[in-house]
Amino acid sequence: MKYQPLGSNDCALSTLRDFVELHGVKLNRGFCVGRSGVIESVRCIGGFVKKRDLDISQLQNGMVELLRIPAKTTFSLETILQFLDAESFHSQDVEKLTETSSKVKELFSECCRIPVISAHASETLLLIIYFIIFSGLERSGYMLPSPISHYLNGVLLTTEIESPYSDVFVWKESTDVAPFAQYGFASIHLIFNALSEFSAVNFGSKHCERTISALMASISSRCLEIPHEEHKGSDDFYVNTTLVPVLDYVNHDNKHVNAHFDIDRNTSDVILVLDMELYDQKEEVFEVFISYSPVDEIVHFEKTYGFSPQPEENRTSFMNLCFDKRFSALQDFDIFLFYKWFSIKPCLQFILRDGRVYINDTLKQFAELLLPYVADPQGERQSCFTYNPNNYTTFSQFTSRARGTSEDRFLEDCRSLARESEIGPSEIIGLPQLAWTCHLDAEGEDFARLNKEQCLKVLFGSDELYSRAIDTFQRQLRLYMNWRLDVLQELKRQQPAKSSANLAAHELYVIQQYYQQLDQDLPVFWTDVENYENLELADCPLPPPLKYSSYAFKPSDERQQPPVSEELLTKYPEEEFLQYASFFMENT
Ligand SMILES: C[S@@+](CC[C@H](N)C(=O)[O-])C[C@H]1O[C@@H](n2cnc3c(N)ncnc32)[C@H](O)[C@@H]1O
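Reading the values: the criteria
- Residues numbered from 1 in each chain as written.
- Predicted model: local features only at pLDDT ≥ 70, side-chain atom pairs only at ≥ 80, totals over all residues.
- Heavy atoms only, no water.
- Helix = DSSP H or I, 4+ residues; strand = E, 2+ residues; numbered from the N terminus.
- Contact = heavy atoms within 4.5 Å.
- Areas by Shrake-Rupley, 256 points an atom, 1.4 Å probe, with all protein chains shown as cover.
- Lys, Arg positive; Asp, Glu negative; His and termini not counted.
- Charge placed at Lys NZ, Arg CZ, Asp CG, Glu CD.
- Core = buried A, V, L, I, M, F, W, Y, C linked by side-chain atoms within 4.5 Å.
- Buried < 20%, exposed > 50% of the residue type's maximum accessible area, 1.4 Å probe, protein only.
- Near = heavy atom within 4 Å.
- Polar contact = N/O pair within 3.5 Å; in protein donor to acceptor, adjacent residues only side chain to side chain.
- Phe/Tyr/Trp six-rings, centres within 6.5 Å; stacked < 30°, edge-to-face > 60°.
- Lys NZ or Arg CZ within 6 Å of the ring centre and 35° of its normal.
- Pairing = 2+ DSSP bridges.
- Axes fitted to C-alpha atoms, helices over the stretch in contact; angles between N-to-C directions.
- Domains from an automatic or database assignment.
- Buried area = accessible area lost by both parts, 1.4 Å probe.
- Salt bridge = Lys/Arg side-chain N within 4 Å of Asp/Glu carboxyl O.
- Nonpolar A, V, L, I, M, F, W, Y, C, P; charged D, E, K, R; others polar.

It is worth spelling out the overall build of the protein chain at this point. Counting secondary structure elements, the protein chain contains 19 helices and 17 strands. The principal-axis extents of the C-alpha atoms in the protein chain amount to approximately 80 × 60 × 55 Å. Of the contacts formed within the protein chain by residues at least 6 apart in sequence, a portion of 74% connects residues at least 24 apart. Working note: accessible area of the protein chain is about 27300 Å², and carbon and sulfur atoms make up 49% of it. Between the mean site of the 53 positive side-chain charges and the mean site of the 86 negative ones, the protein chain shows a separation of 5 Å.

See below:
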């Protein structure tokens, strides 16, 4: 990538100087920062190497050290606590910093008690909260430890990226939140609103929403997982989510990776090393690239970093296409309620390769997605599963059996537990699967409330049910995709925020390409690609279940649904009770 020097008054240069001169960061004399050409639409800084200046005197195993950042100059939950410890204030006004420190601690615990925040707590979110508090307090006249102030003002508040976090403050419910809730946008919006309200109360309206959004965006995009030894000399490592000044100017490119970061086990410094075998030998000045993630999954990249790697020939990328739960015409029951009870992520993984898209049918989660499409062996309904809206009665019966007391005692508690779990915002229910009966034979004599693993084993033990379920699934998928195409086309006209438009464009591409392949009779499943076993396919995980999916299951009126006796729900009450007995002893 072409190197362009930064303007002499660019704050990145003075910030870099501060970190070298004041905070112990060491640079190889061949390393510099400049404007990167990886993206044109925003000011994008990158790390570069000038070959003629590179100091290779310490070359080790083909690696040259480019950067060394002392652990005390990085920002993780661990080091921030050290910054807040009065004994670490050597060169600054101890009294003022002690005052800051106690205010930070007070506000931090107050913010963590906000229910939306505690429900979504992660290391990254906690770092965001710290820096929002630092920024609010500095504006209100408090003094900050100088590395924190330099990093906040010189890096975090000047970063330009185009992720959902950077435009959350202009989001509209109908164009940005609802159409992308399944990708976690509803959670981002809730968190943003909670943090904005917290800031307004504590720092006044001047601490505006743009600052909250900017800090959410830059911190989410700059966090690295830094390894640490479990104990001195150990081969076991744990990782801390950490902001590492200067190293975080380095951009991502899996194809042109020429460097990686690590920890110096003797000093705990974070180091960036250049692999001398991997850099472009011809260029006098070249960009340093690391890998933010070994697999290029579009939604993860767009959400976290505001870009996604360009597809290239012979390179595979992925798109985890999550289903919009506003689509309800899938089956003769609520399919998302089914997935919720069975802890199945409503997400279809596409593989993108050489201009084509394929459903990744090698994943176990793909088979899980097919379960509700297994046909009823009696041929009476579409699915072999039936739902019991009064499932709480089973919960109270099992509880009373487990605890040896009367069933009535638990009926109300079990009713609200089951009901709240069903209508709650989380994408999984987390209770024993006792709401759905799986019908197993054509005579109607074998039926049971199996969990996900049992269903996979029993239903997909032979290929027949599996391939029939795929056919039904594909038909329903077409309905979904037609509906979603309309949503996405309509969205274009309504001008959503930039990051929403970007994600919509990716999804449109995948759906349209899928249709084109169907029309041209080309394979749409990965296992139908010729020679697919010999093509390398990285493991790309599906996203975790959402804590807030904004999906609203509407329970039917109970009075119209008289409780069904247990004999009609399962042939195996004893086995099912024993399977979950310990749960009912402790949880209901
Ligand atoms: C850790 S920062 C890297 C430094 C950043 N470019 C800056 O200006 O400070 C990560 C951000 O850099 C940008 N970036 C990194 N690699 C990129 C790439 N290959 N293409 C486009 N943007 C990239 C994205 O905005 C991303 O969120």
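Core analysis: the biggest nonpolar cluster contains 159 residues, and F131, F134, L195, L247, L272, F350 and F385 have the highest contact counts within it. Looking at this core, the element that brings in the most residues is helix 5 (residues 123-139), giving 11 residues. F131 has contacts with F75, I80, I148, Y151, L152, L156, L215, I219 and L243, leaving out every residue within four places of it along the chain. Among the nonpolar cores identified, the runner-up in size contains seven residues, and V295, Y358, W526 and C540 belong to it.

The next point concerns the site of the ligand. Lining the immediate surroundings of the ligand are 16 residues, of which I45, R222, N251, H252 and Y305 lie closest. Contact between the ligand and I45: a nitrogen atom at 2.8 Å from a main-chain N or O atom of the residue. With respect to the ligand, the side chain of R222 contributes an N or O atom lying 2.9 Å from an oxygen atom. Within the complex, the protein chains bury 93% of what would otherwise be the 570 Å² of accessible surface of the ligand. Every element with two or more residues in the shell around the ligand is listed here: helix 10 (209-222) and strand 7 (251-252).

Under the definition given, this model contains 39 aromatic pairs. With a centroid separation of 5.6 Å and an interplanar angle of 65 degrees, the aromatic rings of Y358 and W526 are classed as edge-to-face. Highlighted residues: Y358 in strand 14 (residues 356-359) and W526 in the loop between helix 18 (498-519) and helix 19 (573-586), separated in sequence by 168 residues. Under the relative-accessibility criterion, Y358 is labelled buried at 8%. Residue class for W526 comes out buried when judged on its relative accessible area of 1%. Ring geometry for Y514 versus Y515: centroids 6.1 Å apart, planes at 65 degrees, classification edge-to-face. The same class applies to Y514 and to Y515, which are both buried. A network of ring pairs unites the aromatic residues F19, F75, F83, F108, Y130, F131, F134 and Y151 as a single cluster. Against the face of F336 rests K325, its NZ or CZ located 6.0 Å from the ring centre. Stacked on the ring of F577, the Lys or Arg R401 has its end atom at 4.1 Å from the ring centre.

Let us look at the pairing of strand 3 (residues 45-50). Extensive coverage of strand 3 is indicated by the burial of five of its six residues. Relative to strand 3, strand 2 (residues 31-35) runs antiparallel, the two being bridged by five bridges. Following the sheet pairing, V33 is matched in strand 3 by G47. Of the pairings in the sheet, the one linking strand 3 to strand 10 (residues 285-287) comprises three bridges and is antiparallel in character. Bridge assignment links K50 to a residue of strand 10, and that residue is V285.

Moving on, we come to the sheet that holds strand 2. Sheet architecture is open: three strands sit in the order 2-3-10, paired in antiparallel fashion. Each of the sheet's edge strands pairs with one partner strand only, and the pair in question is strand 2 and strand 10. The mean inter-strand angle of the sheet, taken between neighbouring strand axes irrespective of direction, is 40 degrees.

Right, let's get into the environment of R139. Tracing the backbone through its elements, the reader meets R139 in helix 5. Spatially, the C-alpha atoms of R139 and F203 are 8.2 Å apart, while their sequence positions differ by 64 residues.

This paragraph deals with the environment of K340. Position of K340 among the secondary structure elements: in helix 12 (residues 335-341). A relative accessible area of 2% places K340 in the buried class. A C-alpha to C-alpha distance of 8.4 Å links K340 and G430, two positions 90 residues apart in sequence. Other than its neighbours up to four places away in sequence, K340 contacts S421, E422, I423, G424, S426, E427, I428, I429 and Y551.

What follows concerns the domain arrangement of the protein chain. Domain boundaries in the protein chain define domain 1 (77-222) and domain 2 (301-586). Summarising the inter-unit geometry, the C-alpha centres of domain 1 and domain 2 are found 35 Å apart. In this assembly, 28 residues from domain 1 lie in contact with 29 residues from domain 2. Note on domain 1 versus domain 2: buried area summed over both sides is about 2300 Å², and carbon and sulfur give 57% of it. Counting every contact that joins domain 1 to domain 2 gives one salt bridge. For K498, the salt bridge goes to E162, with nearest N and O atoms at 2.9 Å. In this assembly, domain 1 and domain 2 are joined by 10 residue pairs in polar contact (both at pLDDT 80 or more). Looking at the side of domain 1 that touches domain 2, the elements with two or more residues in it are helix 7 (164-167), helix 8 (173-177), helix 9 (185-203) and helix 10. With five residues, the top contributor of residues to the side of domain 1 that touches domain 2 is helix 9. Taken together, the residues of the side of domain 1 that touches domain 2 sort by class into 15 nonpolar, nine polar and four charged.

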